[in-house]
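So you can see what is in the structure, the chains are spelled out below.
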Amino acid sequence: MESRHTMRREPSRTTALPLKLLGLWAVICHKRQSSDGLTGKRTARVLYSWYWPFALGNGCILSRDTIKQDPIVDDVLDATYKYGFVTDVDAESAPPGLNEDIVRFISAKKNEPEFLLEWRLKAFEKWKKMTAPQWAKVSYPEIDYQEICYYSAPKSMEDRPQSLDEVDPKLLETYEKLGIPLAERAALAGVAVDAVFDSVSVATTFKDQLKDVGVIFCSISEAVREHPELVKKYLGSVVPATDNFFTALNSAVFSDGSFVYIPKGVRCPMELSTYFRINAANTGQFERTLIVADEGSYVSYLEGCTAPMRDENQLHAAVVELVALGDAEIKYSTVQNWYPGDENGVGGIYNFVTKRGACRGDNSKISWTQVETGSAITWKYPSVILQGDNSIGEFYSVAVTANYQQADTGTKMVHIGKNTKSTIISKGIAAGHGDQSYRGLVRVQKGAEGARNYTQCDSLLLGDRCGAHTFPYIEVMNSTAQVEHEASTSKVSEDQLFYCRQRGISEEDAISMIVNGFCKEVFRELPMEFAVEAQKLLSVSLEGAVG
Amino acid sequence: MLEISNLHAQIDDTQILKGLDLSIKPGEIHAIMGPNGSGKSTLAKVLAGDEAYEVTDGSVTYEGKDLLDMAPEERACEGLFLAFQYPVEIPGVNNTYFLKAALNAIRAHHDEEELDAYEFLALVKEKMALLEMDKSFKSRPVNVGFSGGEKKRNEILQLTVLNPKMAVLDETDSGLDVDALRTVAKGVNSLRDENHSFLVITHYQRLLDYIVPDFVHIMVDGKIARTGDKSLALEVEDKGYTTTQPSAAP
Ligand SMILES: Nc1ncnc2c1ncn2[C@@H]1O[C@H](COP(=O)(O)OP(=O)(O)O)[C@@H](O)[C@H]1O
Ligand SMILES: [Mg+2]
């Protein structure tokens, strides 16, 4: 099913396959999927076995002073990974290796109720019998899960500081350096932040203001203690613990992450965001995020991540679950800038992430926007299950692979309810020896009368040692559905660069301009500050990509 | 202004320019005519700094500086402009945005403030009116889906906005009807004064009715074979290149 586009000077478009053809295609896809070990159609409950690669790579974001500067140009000449420093903190870590004792240890560290410990243990038992998926177009040496450390937390976080004043200044400094001041007076107006450092949440800002309107925004550990009923009801309800190898692993050992609950009819008054930071060496990060938007509510959530530069690869296997009830809307944006490894492909984060949202209620909407510039390997497919009638799923993605980065990313849109709509806009940019694949599933179930999907999948190549691949899977089981797929591959040519330079524009700026132009449909979906940061990140990632 | 001496250049081991001499003073308009494949576009691209071409001998001095030592964007910032024979399409990049980036890059090079959006748009509006261009050009991606004539007009729009001291026009007239030709010439002539020099490459002498040159050169096989005034263009049109006799270098 791979359509490897040949490189052409100008983008070409293949438009809208007729439906009949699609039906046939669906059949072929099915076959192909099973031979790939992809669970195509499983049960009516739609269990997916798509996993995410783990690589470090989420974006650096929200730097206050950088926002004011020129969006594109400033950082171009500073090509190094700016977030690669290590914070020297006294940490408490579990010994490397994974066994039942470690699972119990983590659960005990977090004072968890019995139900959660059991849930973890069950996932762990299942995980032991599972194997890592092989179907993605990424290659990496086998991971020894007994060599990884599954819990690391700064000692100063041991007795749970109650306010920012009690938090170790070194930790606050770390976030300051990353451009995320946690003191509320200095913080970015209108954005509440949950800062996660290795296995623990360091601080969550603006909690009290949010509480006033009934919004719960806290670390998942705190939610487990303070709101066990909500956690019990929704945790694992979108991504079952044993959905795939990495979700099972995450369910067994997840350490922290964010929890959001927006009550009925509330429009969350500020952007919520989580900033993930990996610091400790040889430690995996297994965060868990759960966002529940009750009927008629709205929330916009942002996520960013960075990690130190190290020669060893580090594992990041996260799970994100979104639940949108009737008339609710969740907008989830990610700028992923985990350490991508050096120019020779040494080091970098393995980013294996499962992100899935359920549009449970009628007229609900879930929108994923991602800018993936970091990580040595990225493997993620933010998906939407469109259960409610008239519900809407969206996926806007920019993925960049430079040097030796690999990305296999895309989405799944599963149409179950009537008149459900999905839009997929994927922009892949490959440079250097970078390799990337778009992998997307659009499935229209039998009862999804009037379902519609539009997919646009564009690749841009810089240089001639990189690759871009497209793997669309389309399964249509309802004849009233309309599914449209467009794809293009283009190349930034020497002629284009020379033309720009002849007009006085430097090569770096020309590349930025062309790449940003290529991505603008996605960037305009991002909240303002993110869009600016994302543009700069792209410039930095692609520095030296040509010539 | 521009002093080309004994210029030799090759591409992929094929020698194209074989000892070309040319001298352009401030305010002069020079025309180059010559058969297809004689190396006219090669000359234009070598002057602009296209790295696909290798200069194997000779020198080019621009305002007293070694032009061949400068990067393409530096040449552009110093006032050298090439209107391409085949302008390149840049999908996704807005035409106005592109022009603004170019103008501000050049201004920055001269330590001048960026034009603010208002001043810039006023400037573009004025030049577009001069060139009788439709407003839609402002918002379309650079050259994407433009007809041949529209692309050429867009080159001249860039020329008039960037206001270079030394402009090289490579067959800007090819494919234009008489009306378009007249408009393009209007754009060029609007810049014409004692500080602006032009090197106009063309196949047809009719362009030279509108942009009247001070000198006409005939280029054959990578060299200037003859130089004369405007009447040389008429003669060539009449008798063809083959009958033109080699003359001593000007
Ligand atoms: N990449 C190349 N390799 C070899 N020869 C080339 C290449 N590009 C152009 N040429 C040759 O160089 C000569 C001059 O081309 P050009 O400068 O475009 O001529 P003109 O503009 O006068 O028509 C032609 O004979 C053309 O075939
Ligand atoms: Mg030519």
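Preceding this section is the structure that the text describes.
Model, not experiment: these values are computed from the prediction.

So, on to the site of ligand 1. Residue and element names in this part refer to chain B. Around ligand 1, a shell composed of Ile-11, Asp-12, Thr-14, Ile-16, Pro-35, Asn-36, Gly-37, Ser-38, Gly-39, Lys-40, Ser-41 and Thr-42 is seen. Asp-12 is positioned with one of its side-chain polar atoms (N or O) 3.1 Å from a nitrogen atom of ligand 1. The backbone of Ser-41 places a nitrogen or oxygen atom 2.9 Å from an oxygen atom of ligand 1. In isolation ligand 1 exposes 570 Å². Once the protein is present, 62% of that is buried. Counting residues per element, the ones that place at least two in the shell around ligand 1 are strand E2 (14–24) and helix H1 (40–48). A total of three residues in the shell around ligand 1 trace back to one element, the largest contributor, which is H1. Split into classes, the residues belonging to the shell around ligand 1 amount to three nonpolar, seven polar and two charged.

To continue, consider the coordination of the magnesium ion (ligand 2). Residue and element names in this part refer to chain B. Those protein atoms acting as donors to the magnesium ion (ligand 2) are Ser-41 (OG) and Gln-85 (OE1), and they sit at 2.1 to 2.3 Å. With Ser-41 in helix H1 and Gln-85 in the loop between strand E6 (80–83) and strand E7 (90–94), the pair connects residues that are 44 residues apart, well separated along the chain. On the accessibility criterion, Ser-41 (21% relative accessible area) is partly exposed.

Okay, the interface of chain B and chain A next. Reports often express the size of an interface as the amount of accessible area lost when the parts come together. Taken residue by residue, the interface counts 33 residues in chain B and 19 residues in chain A. Across the chain B to chain A interface the summed buried area is about 2,100 Å²; carbon plus sulfur atoms make up 64%. There are three salt bridges connecting chain B and chain A. We note a salt bridge from Glu-51 of chain B to Arg-501 of chain A, for which the minimum N-O separation is 3.4 Å. Seen at the junction of chain B and chain A, the total is 12 residue pairs in polar contact (both at pLDDT 80 or more). Contributions of two or more residues to the side of chain B that touches chain A are made by H1, helix H2 (72–77), E6, E7, helix H3 (95–109) and helix H5 (148–162) of chain B.

Residue and element names in this part refer to chain B. Taking 1.5 Å of rise per residue, the 15 residues of H5 would be expected to cover 21 Å, and the 21 Å separating its terminal C-alpha atoms lies within 8% of that figure. The element H5 is extensively covered by neighbouring structure, given that 13 of its 15 residues are classed as buried. Just beyond H5, the residue with positive phi is Asn-163, at close to 50°.

Residue and element names in this part refer to chain B. Between helix H4 (residues 117–130) and H5, the shortest axis-to-axis distance is 10 Å and the interhelical angle comes to 130°. One element, H4, and the other, H5, form an angle in the oblique class. As for how H4 packs across H5, the hand of that crossing is right-handed. Contact residues: H4 offers Leu-123, Val-124, Lys-127 and Met-128, while H5 offers Leu-157, Thr-160 and Val-161. Taken together, the residues of the contact of H4 with H5 sort by class into five nonpolar, one polar and one charged.

Criteria and thresholds
- Each chain has its residues counted from 1, following the order in which its sequence is written.
- All chains are assigned letters beginning at A, and all ligands numbers beginning at 1, according to the order in which they are written.
- The predicted origin of the model limits local features to residues at a pLDDT of at least 70 and limits the giving and counting of side-chain atom pairs to 80 or more, whereas totals for whole chains, interfaces and linings rest on all residues.
- Water and hydrogen atoms were dropped before computing side-chain values, which therefore reflect all heavy atoms in the structure.
- The cutoff for a nearby residue is simple: one of its non-hydrogen atoms must lie within 4 Å of the molecule or strand.
- Residues adjacent in sequence count toward polar contacts only when both atoms are side-chain atoms; beyond that, a polar contact is any pair of N or O atoms within 3.5 Å, and within protein one must be able to donate a hydrogen and the other to accept it.
- Values of accessible area rely on a 1.4 Å probe in the Shrake-Rupley scheme; residue burial ignores everything except the protein chains shown.
- Starting at the N terminus, helices and strands are each numbered in turn, a helix being any DSSP run of H or I of at least four residues and a strand any DSSP run of E of at least two.
- In this count, Pro and Cys sit with the nonpolar residues alongside Ala, Val, Leu, Ile, Met, Phe, Trp and Tyr, while Asp, Glu, Lys and Arg are called charged and the others, Gly among them, polar.
- Because water is not among the atoms used, a metal site may look incomplete, as its donors are only the N, O and S atoms within 2.8 Å, or 3.2 Å for Na, K and Ca.
- Note on classification: 1.4 Å probe, protein chains only; a residue is buried when its accessible area is under 20% of the maximum for its type, exposed when over 50%, partly exposed between these limits.
- Note on definitions: a residue-residue contact is assigned when non-hydrogen atoms from the two residues lie within 4.5 Å.
- Buried area is a sum: the accessible area each of two parts loses on coming together, probed at 1.4 Å, counted once for each and added.
- Note on definitions: salt bridges are taken to be side-chain nitrogens of Lys or Arg within 4 Å of carboxyl oxygens of Asp or Glu.
- In this scheme, a helix's expected span is set at 1.5 Å multiplied by one less than its residue total.
- To define axes, lines are fitted to C-alpha atoms, for helices over the stretch in contact only, and angles between the resulting N-to-C directions are given on a 0 to 180 degree scale.
- Angles are sorted into four bins: roughly parallel if under 35 degrees, roughly antiparallel if over 145, roughly perpendicular if 65 to 115, and oblique for all others.
- Here a crossing is taken to be left-handed if its near helix is turned anticlockwise relative to the far helix by less than a right angle, and right-handed if that turn runs clockwise.

Geometric values such as these leave the question of function open.
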